Amino acid sequence: MKLEDPATIRMLWVVSLVVLAVLVAADAAVEHHPHFGVDGGFAFHAWYGFAVCAGMVLVSKFVVGLLLKRRDTYYDD
Amino acid sequence: MTESVGLPPPGVILILGGLLLPLLRRAAPAVALLLPLLTLGYIWALPGDLSVTLPFMDQQLTVLSWQPATRVFATIFALMAFGGALFAHPITGLASERGKRWRVELPAAFVYAGSAICVTFAGDILTLFMFWELMAVGSTAVVWSAGTEGSARAGMRYALVHLVGGVVLMAGILAHVFALQSQGVPDPLALSHFAFGPAGFDALSCGPGDVAAWLILLGVLVNAAAPPLGAWLADAYPEASESGTVFLSAFTTKTAVYVLMLLFAGTELLIYVGLAMAVYGIVYAILENDMRRILAYSIVNQVGFMVCGIGIGTAMALNGAAAHAFAHIIYKALLLMSAGSVLYMTGKRKCTDLGGLYHSMPITMVCGIVGALAISSFPLTSGFVTKSMINQAAADQHLALAWFVLTAASAGVFLHAGIKFPWFVFFQKDSGLRPPDPPWNMRAAMIFFAALCVLLGVPGVYQPLYAILPFPAPADVELYVPYTGAHVLSQLQLLLFSGLAFFVLLPVLKRTLTITLDSDWFYRTLAPASWKHLLSPLMRAFGEVRDGFIGGLPDDLKRLVYSPPAEESWFREWGLGGAMITITGILFVYLVLGFVP
């Protein structure tokens, strides 16, 4: 099985999405002990993890990167 | 307390042993593996209440004493020296290129590691400072021992930054010692006088009398790589050899964590410094293309968690910071061993040149993934049972900002180090490279540290680590219970949805041949450019004005203030009289300004 194979990649996506769905569904089965209110919301860590990571990638790429990125021979020149 | 004169602190075994290694010739590689184990055994054989003093000038230096966090830090430093020595073992022989480098790098690394251990045993501020500075010497030599032009330049910048940091630290220490002496305080070098955090110093509401504390804090934060003082880390560490970087990842920042814990526990400013470090490390690592620089930025990110914990300052937070330092040294070294193995076998370090190595480097790939899971605090790895203590401490203290940022940073760790490093190096596109796994010693070091990463996360196995933390739990009470259903599920949700964000945004994360400017730009580009384009022309213009001015003076006065340059000399010099008159003028202005209310 080669990981570069499109069929393998498709299968990995399906399995991953099923695992993610199970993790969200399992939230109903555990009792959270929230300290700040919102952290006790349904599947908080799932959407928070996704949102902050997406935010960090976009800010890194389109704000910090835009201002501070230089070609990697910058200091050699 | 048992007092003794004559026993050396454990780190001295590594320092002296390391320096003697070059004399041992063929036996040196084997002895190099024994020295860290001997040091570890010595640390554990010492009575827990032992104190060793040495006379030094008019003072007594306490070169060996036990502080609350000594055991956990000294133990991991010694373990790390062993793992690093195994990884660096000169398998190709001492006459080979790698062997020649080893003969410089390993003694330097042992001086570095031994000094770090001596810092953890220091019982007074002067002993601490001396070994702190010796660490800078050892680590600079480790960077230089790579023998490349890049390492020579980066090592020089590294040395200069640490020398400046050391001067700031020394200035703070002297200011405080003089203040204590003027108050007639006995034993002004004792560490207890420097515990600013427990004494109520929070840095956010300091007064004029807190200059010494501020200078000491700044000096330590340079070594902790807190932005904007920490660009040296991502600049210098990736320029060392594949084994040098492994050593470098362990000691400087974690010794700074130890000292912050000793002197500044509960200093509120450190909460915000730690949060800034955690976020900074992620943003820069996301943008980075060099695999070892990605991991260097993630050191700053992880040390940010520890610094934040020290700022929170509760027993849970400090235990978390110490435990996390222990776990971090192992998984970070493992990640850098994995990256170092790739560099050693392929000669390449940029993500754009790598990919698809899972085909031919399975052990390096698996060990790299174990390190990646541990740094991400995946359940059943070391990070899960250590880092979560810091988050728990923030929650217990109802520090909402700290908790939300630390949780976001936990997700970000998986993104930038947990997935990005293994994905771009071992998977993504097939680079066509098919190098085998590295030699046996490098594989053994990786497997050893990977096993530790997993073992420390297994319920029932991590308790010995909890037992040596600065604030152990009373008998019959569990220090912290990481494995609850809610915690495991929350962590899995956080990490796997972070992973989803990575793959959804993969087109945005495509690697480019770029670097991201950091605060080292000020001394690498701005300062030289300012000299070339601003200060130098200004000085030339000033010289012409001066010549014109002096030309108008009577001859006697002209001779007094100015020695004319010799014929055809390529520089001009100021006469002593001119310099004295200038300094007198500056002092006069200073005096006048001093009287201005």
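Residues numbered from 1 in each chain as written. Chains lettered and ligands numbered in written order. Predicted model: local features only at pLDDT ≥ 70, side-chain atom pairs only at ≥ 80, totals over all residues.

Asker: What is the right way to read the overall build of chain B from this model?
Answerer: Of the regular secondary structure elements, chain B holds 21 helices and four strands. Computed over the C-alpha atoms, the radius of gyration of chain B is 26 Å, within 12% of the 25 Å expected from 2.2 N^0.38 for a compact globule of 597 residues. Seen along its three principal axes, the alpha-carbon backbone of chain B occupies a region of about 90 × 60 × 55 Å. Within chain B, residue pairs in contact and separated by at least 24 positions form 80% of the contacts whose partners lie at least 6 positions apart. (Helix = DSSP H or I, 4+ residues; strand = E, 2+ residues; numbered from the N terminus. Rg over C-alpha atoms; globule rule 2.2 N^0.38 Å. Contact = placed C-beta atoms within 7 Å.)

Asker: Got a minute to help me understand the overall build of chain A in this structure?
Answerer: The number of helices and strands found in chain A is two helices and one strand. Here the C-alpha atoms of chain A give a radius of gyration of 19 Å, more than 25% beyond the 11 Å that 2.2 N^0.38 yields for 77 residues. Dimensions of chain A, computed from C-alpha atoms along their principal axes, come out at roughly 60 × 45 × 15 Å. Burial statistics for chain A: of 77 residues in total, 16% are counted as buried. (Buried ≥ 20, exposed ≤ 12 C-beta atoms within 10 Å, placed from the backbone.)

Asker: Looking at this structure, I do not really get the pairing of strand 2 (residues 50-56) of chain B. What am I missing?
Answerer: It is a general feature of regular strands that their side chains alternate between the two faces of the sheet. Note that strand 2 of chain B and strand 3 (residues 59-64) of chain B share five bridges and pair antiparallel. Residue pairing in the sheet places Leu54 of chain B in a bridge with Leu61 of chain B of strand 3 of chain B. (Pairing = 2+ DSSP bridges.)

Asker: Explain helix 14 (residues 382-396) of chain B here, please?
Answerer: Since the α-helix packs 3.6 residues into each turn, any two residues three or four apart lie on the same face. All names here are of chain B. Between its terminal C-alpha atoms helix 14 stretches 22 Å, which fits the 21 Å expected from 15 residues at 1.5 Å a residue. Bending of helix 14 peaks at approximately 25° at the position of Met389. A large share of helix 14 lies buried, amounting to 14 of its 15 residues. Following helix 14 by one or two positions, His398 has its phi on the positive side, about 55°. (Expected span 1.5 Å × (residues − 1). Bend = angle between axes of the 7 residues up to and from the residue.)

Asker: Quick question: what am I supposed to make of unusual backbone geometry here?
Answerer: For residues other than glycine, phi is negative in most cases, and the peptide bonds are mostly trans. Residues and elements named next belong to chain B. Each neighbour pair has its own omega, and for Pro227 with Pro228 the value is 5°, a cis peptide bond. Relative to the assigned elements, Pro228 resides in the loop between helix 7 (211-224) and helix 8 (231-236). Located in the positive-phi region is Asp187, a residue other than glycine, with phi close to 50°. By the element assignment, Asp187 lies in the loop between helix 6 (149-182) and helix 7. By C-beta crowding, Asp187 is classed as exposed, having 12 other C-beta atoms within 10 Å. Located in the positive-phi region is Asp476, a residue other than glycine, with phi close to 70°. Its place among the elements puts Asp476 in the loop between helix 17 (463-467) and helix 18 (485-504).

Asker: Quick question: what am I supposed to make of the interface of chain B and chain A here?
Answerer: At the junction of the two partners, chain B supplies 39 residues and chain A supplies 35 residues. At the level of secondary structure, the elements contributing two or more residues to the side of chain B that touches chain A comprise helix 10 (269-287), helix 15 (400-426), helix 18 and strand 4 (514-516) of chain B. Among the elements that line the side of chain B that touches chain A, the one with the most residues is helix 18 of chain B, at 14 residues. Looking at side-chain class alone, the side of chain B that touches chain A contains 27 nonpolar, 10 polar and two charged residues. Examined bridge by bridge, strand 1 (residues 69-71) of chain A and strand 4 of chain B share three bridges and lie antiparallel to one another. From the neighbouring strand, Arg71 of chain A faces strand 4 of chain B, where its bridge partner is Thr514 of chain B. (Nonpolar A, V, L, I, M, F, W, Y, C, P; charged D, E, K, R; others polar.)

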